[in-house]
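# Understanding the architecture of this molecule
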Amino acid sequence: MTDDDRLHSAVQRLHATYADVVTRRAWAELDVLFVPGAPIRVDPVTRPAVDVAGAAELAAFVSSALERFAFFELVPLNSVARLEGEGTAAGRLWMVELRQDRDGGAWSEAYGRYDDHYALVDGQWRYAERSYRSLARRADLPPADVFP
């Protein structure tokens, strides 16, 4: 296995873990995924961008944004990563959010892209910097069947 293969595998795991933590709203588990104080920018496009520093500030921002959803799932679609130097890398993650409003139950999808920088810390790749940009949205989707 090459260094690029190892990086790709590790970054895929990082993205999957991030998506799992956000979907479950398990905010205490975000900390180990980020370098302390990592700068994070969230640009929803429809309102001003928000800048936060580190996992705790990100958790506070995202948890507040997700309160309006009865159902929310963050789905990674595709990603790439490349080594930049000793213990540093950069990449992109394309994703979609599947969500249902608490009020009225309307379904929507939000598509976006993360531009990331990673750092190898104690043998684990972590987010050293993230920048999210919303790309497209679909709203008023037909109701989905929900199973118990």
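Described in the following lines is the structure provided in the data block. (Residues numbered from 1 in each chain as written. Predicted model: local features only at pLDDT ≥ 70, side-chain atom pairs only at ≥ 80, totals over all residues. Heavy atoms only, no water.)

### So, the packing of aromatic side chains
Under the defined criterion, the tally for this structure stands at 8 aromatic pairs. Consider the rings of F34 and Y127, whose centres lie 5.0 Å apart with planes at 40°: the pair is tilted. Of this pair, F34 sits in the loop between α1 (3-24) and β1 (39-43) while Y127 sits in strand β6 (residues 124-141), placing them 93 residues apart in sequence. Of the two residues examined, F34 and Y127, each falls in the buried class. Between F71 and W107, the ring centres sit 5.4 Å apart and the planes meet at 45°, which makes this aromatic pair tilted. Within this pair, whereas F71 is found in strand β3 (residues 69-85), its partner W107 is found in strand β5 (residues 107-121), the two being separated by 36 residues in sequence. Relative accessible area serves as the criterion here: at 32%, F71 is assigned to the partly exposed category. Three or more aromatic residues link up through ring pairs in this structure, and these residues are Y18, F34, Y114, Y118, Y127 and Y132. Above the plane of the ring of Y114 lies R130, whose end atom (NZ or CZ) is 3.7 Å from the centre. Above the ring of Y127, the side-chain terminus of R130 is found at 3.9 Å from the ring centroid. (Phe/Tyr/Trp six-rings, centres within 6.5 Å; stacked < 30°, edge-to-face > 60°. Helix = DSSP H or I, 4+ residues; strand = E, 2+ residues; numbered from the N terminus. Buried < 20%, exposed > 50% of the residue type's maximum accessible area, 1.4 Å probe, protein only. Lys NZ or Arg CZ within 6 Å of the ring centre and 35° of its normal.)

### Some words on the nonpolar core
Soluble globular proteins tend to bury their nonpolar side chains together. Membership of the largest hydrophobic core comes to 33 residues, with the highest contact counts inside it found for Y18, V22, L30, L33, F34 and L58. Secondary structure elements with two or more residues in this core: α1, β1, α2 (54-66), β3, β4 (88-101), β5 and β6. Among all residues touching L30, those that are not within four sequence positions of it are Y18, V21, A55, L58 and A59. (Core = buried A, V, L, I, M, F, W, Y, C linked by side-chain atoms within 4.5 Å. Contact = heavy atoms within 4.5 Å.)

### A word on the pattern of salt bridges
Tallied over the entire structure, the rule returns 11 salt bridges. Between D115 and R113 there is a salt bridge, with its nearest N and O atoms 3.0 Å apart. Residue classification places D115 among the partly exposed positions, given a relative accessible area of 28%. Assessed through its relative accessible area of 22%, R113 is described here as partly exposed. Close ionic contact of D116 with R130 constitutes a salt bridge, the shortest N to O distance being 2.6 Å. You can see D116 sitting in strand β5 and its partner R130 sitting in strand β6, a full 14 residues away along the chain. Judged by relative accessible area, R130 falls into the buried class, the value being 2%. Residues participating in the shared-partner salt-bridge network are D20, R24 and E29. (Salt bridge = Lys/Arg side-chain N within 4 Å of Asp/Glu carboxyl O.)

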